[in-house]
Amino acid sequence: MGVVVDDTKPTKGEGATAAREQSSFSLDPEFESIATTLAPNTDDVNTPSLTFRVWVLGLLFCISIAYVNELFSFRTNPFAIPSYVGVLLSYPLGKAMARFLPSYRFNMFGLEIDTNPGPFTVKEHVLIGIFASTGSAGVYGVDNLVVQELYFKLKLPHIWGILFLYTTSMLGFAVAGTLRDFLIRPAHMIWFAVKDDGKEHWSRFKVFGVAATAMFLWQIIPNYIANMIETLPLICLLAPNAPVDVIKMGSPNYGVGLLSLTTSWTNIGGGSMSYPLWTAINLFLSYVIFQYVLSTMSWSGNWFNDPKPFRKLNSADLYDNKGNAFEPSELVDETNTVIEEKYAEMAPLRITPFFAWAYCTSMISFTSAVSTTILFFGKDIWARFKAPKDESKNDIHCQLMDKYPEVPNTWYYVFFGTTTVLSIVCNHFSGIGMSWYFTLLAIIVSLVGTLPISVVLATSGVSLYMNVISEFVIGMILPGHPVVMMAFKCLGVTVSSQCLTLLADLKLGHYMKIPPRHIFISQMASQFVAVFVVYFAYSSWLSNPLHAQWILDPSTAGPEGKEWKGSNMGVYYSASLIWGAIGPKRFFFDTVYAPLITWGLIGGFILPVFVWLGDRYLGDSIIPWRLINVPLLASFSGPPYTQNFQLMSLFISIFFQGYMYRKHNGWWRRYNYVLATAFDVGAALTSLALTATLKAYKIRFPMWALNSDGSDEAYERFGPDADWCHYPVDE
């Protein structure tokens, strides 16, 4: 296939790099060798691709998945339907259209359209998947609009709101286009999350149907009939008389969920069946180090000299200098700026140790991504700057793709320039009030960070984000303006995150030999449609005052709103005050939290050096240095999510990406990703069905030994957080 994978294992003293002389992009040769065999090494340039069927089915899945996932973004623990749903379900629909739809030809915008150009092709299938992936990715800017509307009482007119979503989500296109030579053409940039053999078999659909149905039925139990088995904190269940501090740490709601399990797939998700096992181990170690060890020790030992115990450790709330929680709205006036007298009275403000370590790891993950990219991949990236196509000239995939006309860089540049101008206009005149130079600065910050986090995604399958770094930059420059800070962060995050989604589509198209211009058109059209869909979805959700109340005051949610507290929006708002209204200098550098930020930034640069030295000079016969990924080791989620998924995610990865991958590889290749998708779909359908029917009408399942109905009696039986963990509330 033109992809050379060296699976020799260098011994100590020989240098690990000797075994990877062809490309430093190779991290896990064995896994990559399996992944690369899934892509075809032949192509027929006459195969239909961007057809009428693609437009019909692509838009169908783009709209439906985007709408559902936007609703799921309001969940307490966010959950998303993957784009694989569109890939799987579009196959029988495409085959049916090819068989039954009459062939009519007509012209539209100068293009000849044939409703049935013949058999349903792999290329059509892939393009439909690209439409679906755009819908699945969502639009990050919606969180910005929600927080502005609910907390800052700034609801943009519809035209400005849609334009804000459009510009923030579209700016990533030009960046993705310019990074093609570095992240798409190199053979060792595997992009695990996009691998697909382009072929679907009815047996897979039977597996999908059975698995999705089984998961749908199972999810009714922990989500409705026996909601107390959704979370199983082993410490609280097996040692209920343990010391109070131990019980609190075992609580997935109050504490860090130490040794907690979950039986609900919505808390786990199919990601644990998608990325390599070494990635899962790195991620779990991040929870062990920063969540179970450092957060717990700093809380029990009061490292930050907190005046009194927090109401909850697993909280993104703000506390005053006396340790009392307060409503952040008390701190800002009607213009959304800090009331200095009030701040002086409450300062220095406090956050929980759990939240503080989450900010520390955000610093580590970003700077370590930059350092890791330079040390492990810098040589290859620099070589591609000097001679972009030298490495790929012998790669069969590149040879086949070179037969198609490429998308000119000028297309990307013109589109980027146009969207930038629209973004400047929107941010300045819509009511957000962000000056043009801050819009440009946000784009620059995102551009700087996109390449390193793209490398992490391409080699590990895990996405990092620019949120905290963007907050840090604008907060240092312009403190006291939370709305501007949010818009700045939104741009910084969205440009890079959308770029990652688009790059994944480009890599899939590269594997499956899709004409690049057809991919470009599909991406542009699907993103344009997705913007309107998510805007409608968020507006319709918040049109119910009860839904807004669950976000503003989660304590009022009850059993019906337990899963819909909008944790993401609460964190977004707290961040707007910490980094925007108050500013990082006053909140962090003038307080006890300064070392976490400072050493997080410094440590992120330094730690990958030790890993690189170990890989270069010690080899991996004992320690697989190259699989120690510092950005992943600093990527735990933090509060305020229900902390019950970490162990189960690891167990799932060990079984599917470890045992099944090695012992039953044929089964793994054929069914692993189908099963992950089926589980996600089944769980999502259950959540939607219950929310739209029984829970919408407050039809609660009767309380019994394994079910809480939200009554006072239930809290007495199951603990103050209804999670089996009993502790004195007023301690």
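Now for a description of the structure that goes with this document.

Conventions used here
Residues numbered from 1 in each chain as written. Predicted model: local features only at pLDDT ≥ 70, side-chain atom pairs only at ≥ 80, totals over all residues. Heavy atoms only, no water. Helix = DSSP H or I, 4+ residues; strand = E, 2+ residues; numbered from the N terminus. Expected span 1.5 Å × (residues − 1). Buried < 20%, exposed > 50% of the residue type's maximum accessible area, 1.4 Å probe, protein only. Disulfide = S-S within 2.5 Å. Salt bridge = Lys/Arg side-chain N within 4 Å of Asp/Glu carboxyl O. Core = buried A, V, L, I, M, F, W, Y, C linked by side-chain atoms within 4.5 Å. Contact = heavy atoms within 4.5 Å. Axes fitted to C-alpha atoms, helices over the stretch in contact; angles between N-to-C directions. Left-handed = near helix turned anticlockwise from the far one by under 90°. Phe/Tyr/Trp six-rings, centres within 6.5 Å; stacked < 30°, edge-to-face > 60°. Lys NZ or Arg CZ within 6 Å of the ring centre and 35° of its normal.

Quick notes on helix 28 (residues 665-692)
Here comes step 1: When the terminal C-alpha atoms of helix 28 are compared, their 40 Å separation across 28 residues agrees well with the 40 Å that a helix rising 1.5 Å per residue should span.
Here comes step 2: Summarising burial for helix 28: 20 of the 28 residues are buried, a large majority.

Focus on the state of the cysteines
Here comes step 1: Applying the stated criterion across every chain yields a total of one disulfide.
Here comes step 2: Between the sulfur of Cys-236 and that of Cys-725 lies a disulfide, 2.0 Å long from S to S. Linking Cys-236 and Cys-725, the disulfide has an S-S dihedral of approximately 95° and is accordingly described as right-handed. Of this pair, Cys-236 sits in helix 10 (residues 234-238) while Cys-725 sits in the segment after helix 29 (712-718); the two residues are 489 residues apart in sequence, bridging distant segments of the chain. Comparing Cys-236 with Cys-725 shows no difference in burial state: the two are buried.
Here comes step 3: Of the cysteine sulfurs around Cys-490, a residue in no disulfide, the closest is that of Cys-426, at 10.0 Å.
Here comes step 4: Classification of Cys-490 as buried rests on a relative accessible area of 0%.

Points about the pattern of salt bridges
Here comes step 1: Summed over the entire model, instances satisfying the criterion amount to 13 salt bridges.
Here comes step 2: Where Asp-306 meets Arg-350, a salt bridge forms, and the shortest distance between an N and an O atom there is 3.3 Å. Here Asp-306, found in the loop between helix 12 (277-300) and helix 13 (340-346), pairs with Arg-350, found in the loop between helix 13 and helix 14 (353-386); they are 44 residues apart in sequence, far enough to count as distant.
Here comes step 3: Given a relative accessible area of 11%, Asp-306 falls into the buried group.
Here comes step 4: Look at Arg-350 and you get buried, because its relative accessible area is 12%.

Quick look at the nonpolar core
Here comes step 1: In this structure, Ile-351, Tyr-359 and Trp-579 are the most contacted members of the largest nonpolar core, which totals 187 residues.
Here comes step 2: Here this core takes 17 residues from helix 19 (residues 482-512), the largest share from any one element.
Here comes step 3: If near-sequence neighbours (up to four positions away) are discounted, Ile-351 is found in contact with Phe-310, Asp-317, Leu-318, Ala-356, Tyr-359, Ile-578, Phe-587, Phe-588 and Tyr-593.
Here comes step 4: Counting five residues, the second-largest nonpolar core is a separate cluster that includes Ile-235, Cys-236, Ala-242 and Cys-725.

Comments concerning the packing of helix 19 against helix 20 (residues 516-542)
Any two packed helices are characterised by how steeply their axes cross, that is the angle between the axes, and by the distance between the axes.
Here comes step 1: Interaxial distance between helix 19 and helix 20 falls to 10 Å at its minimum, and their mutual angle equals 145°. Between helix 19 and helix 20 lies a crossing whose hand is right-handed. Across the interface between the two elements, Gln-498, Leu-502, Asp-505, Leu-506 and Gly-509 from helix 19 touch Ile-519, Gln-523 and Gln-527 from helix 20.

Overview of helix 6 (residues 158-170)
Here comes step 1: A rise of 1.5 Å per residue sets the reference length of helix 6, with its 13 residues, at 18 Å; its end C-alpha atoms lie 18 Å apart and thus fit the reference within 8%.
Here comes step 2: Of all 13 residues in helix 6, ten are buried, a share of seventy percent or more.
Here comes step 3: Buried residues of helix 6: Gly-161, Ile-162, Leu-163, Phe-164, Leu-165, Tyr-166, Thr-167, Thr-168, Ser-169 and Met-170, and no others.

Quick look at the packing of aromatic side chains
Here comes step 1: The final tally for this structure, using the stated rule, is 43 aromatic pairs.
Here comes step 2: Between Tyr-224 and Phe-701, the ring centres sit 5.7 Å apart and the planes meet at 70°, which makes this aromatic pair edge-to-face. Linking Tyr-224 in helix 9 (residues 202-225) with Phe-701 in the loop between helix 28 and helix 29, this pair joins segments that are 477 residues apart in sequence.
Here comes step 3: Residue classification places Phe-701 among the partly exposed positions, given a relative accessible area of 30%.
Here comes step 4: Ring pairing ties together the aromatic residues Phe-304, Phe-355, Tyr-359, Phe-472, Trp-579, Phe-587, Phe-588, Phe-589 and Tyr-593, which thus form one cluster.
Here comes step 5: In this structure, Lys-489 is placed above the aromatic ring of Tyr-572, and the distance from its NZ or CZ to the ring centre is 3.6 Å.
Here comes step 6: Sitting over the face of the ring of Tyr-343, Arg-586 holds its NZ or CZ atom 4.4 Å from the ring centroid.

These values are about where atoms sit, not about what they do.
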